[in-house]
Amino acid sequence: QTQLVESGGGVVQAGGSLRLSCEASGRISDWGMAWFRQAPGKEREYVAGINWRGEVDYADSVNGRFTISRNYAKNTVYLQMNSLKFEDTAIYYCAGETGGMASQLGREYDFWGQGTQVTVSS
C-alpha cells in the first residue's frame with residue numbers, strides 16, 4: 001500500500017516562508033493530490049489541490065500566497081508557503097486519491113500522511 005510522508009514543517013515568523021514536501025512510496029502520477037490542515041480546536045480544512053494533469057486549485061485563504069506543485073518522476077508533491085500568517089498555524093496533511101481529480105472534500109481521499117506541524121509566530 002502506498003504511504004505518504006510529509007516533511008518540511010517547522011516554526012517560522014509571520015511573513016516568512018516554508019516548503020512542505022509529501023513523498024509517496026509508490027507511483028502517484030495519475031492521482032489527485034491535496035494538502036489539508038487542521039488547527040487546534042478547528043475542523044480539518046482544504047488548502048490546495050493538484051490533479052493528475054497538474055491543474056491546481058486553492059482555498060481562498062491561501063490563494064496568492066501558497067503554491068502547490070508536483071514532481072511526477074519523484075512521486076512527490078510540494079506546498080510552497082509564502083507570506084505566512086499566524087492563522088496558518090496548523091498540522092498540514094498530504095492526501096491522495098486514485099481518481100485523479102483532487103477534490104476539495106477530504107472524504108474523497110483514500111491515502112493520508114501523518115502530518116507535519118507548521119507554527120507561525122506573530
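Presented here is an overview of the structure given in this document. (Residues numbered from 1 in each chain as written. Predicted model: local features only at pLDDT ≥ 70, side-chain atom pairs only at ≥ 80, totals over all residues. Heavy atoms only, no water.)

Quick notes on the nonpolar core
Met-33, Trp-35, Leu-79, Met-81 and Tyr-92 are the most contacted members of the largest nonpolar core, which has 35 residues in total. Breaking this core down by element, the ones donating at least two residues are strand S3 (18-24), strand S4 (32-38), strand S5 (45-50), strand S7 (66-71), strand S8 (76-81), strand S9 (90-97) and strand S11 (116-121). (Core = buried A, V, L, I, M, F, W, Y, C linked by side-chain atoms within 4.5 Å. Buried < 20%, exposed > 50% of the residue type's maximum accessible area, 1.4 Å probe, protein only. Helix = DSSP H or I, 4+ residues; strand = E, 2+ residues; numbered from the N terminus.)

Quick look at the side chain of Asp-88
Inspection of the secondary structure assignment puts Asp-88 in the loop between S8 and S9. At 2.9 Å, the side chain of Asp-88 forms a polar contact with the side chain of Arg-37. Beyond its immediate sequence surroundings of up to four residues, Asp-88 is in contact with Arg-37, Arg-65, Phe-66, Ser-83, Val-118 and Val-120. (Polar contact = N/O pair within 3.5 Å; in protein donor to acceptor, adjacent residues only side chain to side chain. Contact = heavy atoms within 4.5 Å.)

What to know about the pairing of S5
The buried fraction of S5 is high, at five of six residues. Judged from the five bridges that link them, S4 and S5 form a sheet pairing that is antiparallel. By the bridge assignment, Phe-36 is partnered in S5 with Tyr-46. Between S4 and S5, which follow one another and run antiparallel, lie six residues, and Gly-41 among them has a positive phi close to 75°. Bridging between S5 and strand S6 (residues 56-58) involves three bridges; their strand directions are antiparallel. Within S6, the residue paired with Ile-50 across the bridge is Val-56. Counted between consecutive antiparallel strands, the loop separating S5 from S6 contains five residues, among which Gly-54 sits at a positive phi close to 95°. (Pairing = 2+ DSSP bridges.)

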